[in-house]
Amino acid sequence: MSIKKCRQEFEKIFKKYPDKTQALLPCLYVAQEKCGCLTEEIVSFLAQRLDLPKVEVYSVITFYSMFSFEKKGKFVIRICMSLPCYLRGSREILEAVVEEALCIKPNQSTEAKKFTIEPVSCLGLCDIAPAMMINKKIYGNLTPQKAREIIRRYKQEKDK
Amino acid sequence: MKIILKNIEKKGYLPDINSYMREGGYKALKNALHMKPEGILSEIKKSKLVGRGGAAFPTGLKWEFTYKTKDFPKYVVCNADEGEPGTFKDRLILEKDPHLLIEAMVICGFTIGAEEGFIYIRGEYFKGYEVLQKAIDEACRHNFLGRNILGSKFSFKISLYKGAGAYVCGEETALLDSLEGKKGQSRVKPPFPTFVGFNNKPTVLNNVETFANIPEIILKGGERFSRIGSSFSPGTKLYCLSGDINNPGIHEIPMNVSLQDLLERYGGGVRGSLKGVLPGGVSSGLLTPRDLDITMDYPGVQKAGSMLGSGAVIVINDKHCMVDLAEKCVEFFDYESCGKCTPCREGTKRAKEILINIAQGKGELGDIALLKELQEIMFDTSRCGLGQAALNAVRSALEKFYDEFEDHILRKKCKFGVCPIGKDI
Ligand SMILES: Cc1cc2nc3c(=O)[nH]c(=O)nc-3n(C[C@H](O)[C@H](O)[C@H](O)COP(=O)(O)O)c2cc1C
Ligand code: SF4
Ligand code: FES
């Protein structure tokens, strides 16, 4: 099922990388984006097409933090926990976001798959520390209050 | 004196090819195509440019090694994985002046005899990826990339490759494995990538900022570049100021600037009073207010017992507890360790445990000796720079702020009130 959604893009990638192994990461990216997470089916398919043992595909997926077998929320909140952000109060930001986004713990998703909160390493936004990203959007110079307001806006979006 | 930000800092400058060419972009490539590879190498060696990604290796030498090997095909790889906490300079170049990087990579390909290049960009740089892809397409349309570039016999193409969230992939050999579609775990060196790199072929791998210096060197000559700033490591540096500083941000300054000037004149001064500075991110050792007069070039920072690395200058004021910060640094390395070698995989874990214990008031004096021993072992025996540098910050904190550790251990006290000592946890 999940293969169908990715088939076309996969073929493009296979063509671009005749050297098969190199196609693995780009394919995983496509699958993750189209299906929201990776599946057993995708692993088997890619292993076969790229002539890789399945265990190799599994190990690659689990090695990188941006790939996952668990479906993530519609909004992935990445909160930077590295030192420059920490010095500027990222601990309080995380606490505020966890509370506001309906009490899910870090690295978990809300019941309705609305939010996933991920404490992450430096995002290259240290000039606007403390910083976070929600999907591809950047938020910086946060205070706990600002962070709460941002999350509140995302929450309302559902009700529309 | 601006080399890298000369375009970016102009008002209204856009990251498209017309803006770049209006400022004289791709002239260096045109010149280079009329030079001999040996001539280009000689200019770059004369410039005394060293890598801006962390290891400060002479760029001219790296290119020359690859040029001289007779194994083909060869590759050019740009390290745009920027992951060292406190570093955000490459993002600026990628998003605001992508053609500067592309031009440099084409020149590199022409010099060493490569026909293909990759930009390995970290997965979270969504905007940078888009801007770069657009820029590559533009460069192809103008025949700065593609077949027979500007009527010469030289052909070159560049592809983007996205990382997927792993700090260790910034290490050059881990990056190459990741670029081949595998887990990003470091390889044993030697052989170095200059001889055995991407797909086991000779590869020049440079940081974004390193590449960004190349067009200037071709246009103005290596000799002239070598007279900028510091005579030991010439040129400018993009210093990234972060942490407890009034104006965090990126400053391009010739490398003879002192730490004091960097913080005061450029950074607008410290927020609160200065306690310490990590000049090369969490991988480097702490400097203290006593080091304010050092020169911020590579040898200058090294002489002070630390390293400049990628130029991530993290400023720490006296409101912070060093035990707490040391623990935060180790936590990062524990999380990011690739797990390939025992000293780093186990060492980062144990160091984190020890520091958490101390922060909770359960530490013993013997723990300090243990941490020091761990640091030495990891420094000597870890396979790649991640493990080797993981406890640099801890070691320097122990040396320079010993009394804070003692307070936690003997008096069960955190005078900053940040550690969980005595609190129920
Ligand atoms: C753990 C680790 C992480 C690194 N991360 C980066 C990085 O994000 N970007 C980078 O350019 N170099 C990074 N480096 C340095 C690279 O290994 C390599 O030295 C550099 O990219 C070479 O380019 P240069 O000579 O132009 O500096 C890292 C090194 C280590 C050990
Ligand atoms: S030092 Fe750490 S990151 Fe480097 S190879 Fe060993 S385990 Fe991996
Ligand atoms: S430390 Fe948070 S973005 Fe760099």
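The structure we're discussing is the one just above.
The structure presented is a predicted model; accordingly, all values stated were derived computationally and were not measured. (Residues numbered from 1 in each chain as written. Chains lettered and ligands numbered in written order. Predicted model: local features only at pLDDT ≥ 70, side-chain atom pairs only at ≥ 80, totals over all residues. Heavy atoms only, no water.)

Next up on the list: the overall build of chain B. If you tally the helices and strands in chain B, you get 19 helices and eight strands. For chain B, the C-alpha radius of gyration of 22 Å lies close to 22 Å, the compact-globule estimate for 425 residues. With the principal axes as the frame, chain B shows a C-alpha extent of 75 × 45 × 35 Å. Across the 425 residues in chain B, those meeting the buried criterion constitute 63%. Long-range pairs, those at least 24 residues apart, make up 70% of the contacts in chain B between residues at least 6 apart in sequence. Working note: accessible area of chain B is about 16,100 Å², and carbon and sulfur atoms make up 52% of it. A gap of 5 Å separates the mean positions of the 58 positive and 53 negative side-chain charges of chain B. (Helix = DSSP H or I, 4+ residues; strand = E, 2+ residues; numbered from the N terminus. Rg over C-alpha atoms; globule rule 2.2 N^0.38 Å. Buried < 20%, exposed > 50% of the residue type's maximum accessible area, 1.4 Å probe, protein only. Contact = heavy atoms within 4.5 Å. Areas by Shrake-Rupley, 256 points an atom, 1.4 Å probe, with all protein chains shown as cover. Lys, Arg positive; Asp, Glu negative; His and termini not counted. Charge placed at Lys NZ, Arg CZ, Asp CG, Glu CD.)

On to the sheet that holds strand 3 (residues 132-134) of chain A. Residues and elements named next belong to chain A. Taken in spatial order, the four strands line up as 2-1-3-4 in an open sheet, and their pairing is mixed. A single partner strand is all that each edge strand has here, and the edge strands are strand 2 (115-120) and strand 4 (137-139). Pairs of neighbouring strands in the sheet enclose a mean axial angle of 20°, with direction left out of account. Bridge count between strand 1 (residues 75-80) and strand 2: six bridges; the pairing is parallel. In the sheet register, Arg-78 faces strand 2, and the bridge partner there is Glu-118. (Pairing = 2+ DSSP bridges. Axes fitted to C-alpha atoms, helices over the stretch in contact; angles between N-to-C directions.)

All names here are of chain B. Checked against the element boundaries, Asn-392 lands in helix 18 (residues 392-400). A residue is classified by how much of its surface remains accessible, and Asn-392, at 9% relative accessible area, is buried. The spacing of Asn-392 and Cys-329 is 63 residues in sequence and 9.5 Å in space, taken between C-alpha atoms.

Residue and element names in this part refer to chain B. A cluster of nonpolar residues, Phe-57, Leu-61, Phe-65, Phe-192 and Phe-195, forms a patch on the protein surface that exposes about 410 Å² of accessible area. Inspection of the secondary structure assignment puts Leu-61 in helix 4 (residues 59-68). Relative accessible area serves as the criterion here: at 32%, Leu-61 is assigned to the partly exposed category. (Patch = residues over 30% accessible without salt bridge, like charges linked within 9 Å, V, L, I, M, F, W, Y side chains within 5 Å. Salt bridge = Lys/Arg side-chain N within 4 Å of Asp/Glu carboxyl O.)

Before going further, it helps to examine the state of the cysteines. Here the structure, examined in full by the defined rule, presents zero disulfides over all chains. Note on Cys6(A): no disulfide assigned, nearest cysteine sulfur contributed by Cys35(A) at a separation of 3.8 Å. In this structure Cys140(B) is a free cysteine whose sulfur lies 16 Å from that of Cys78(B), the closest cysteine sulfur available. (Disulfide = S-S within 2.5 Å.)

The bulk of non-glycine residues show a negative phi, and the bulk of peptide bonds are trans. Residues and elements named next belong to chain B. Look at the link from Lys-189 to Pro-190: it is a cis peptide, with omega at -10°. By secondary structure assignment, the location of Pro-190 is in the loop between helix 8 (172-179) and strand 4 (203-207). Following Pro-190, the chain continues to Pro-191 via a peptide bond in cis, the omega torsion being 0°. Residue Asn-199 is not a glycine yet carries a positive backbone phi of 50°. With a relative accessible area of 28%, Asn-199 lands in the partly exposed category.

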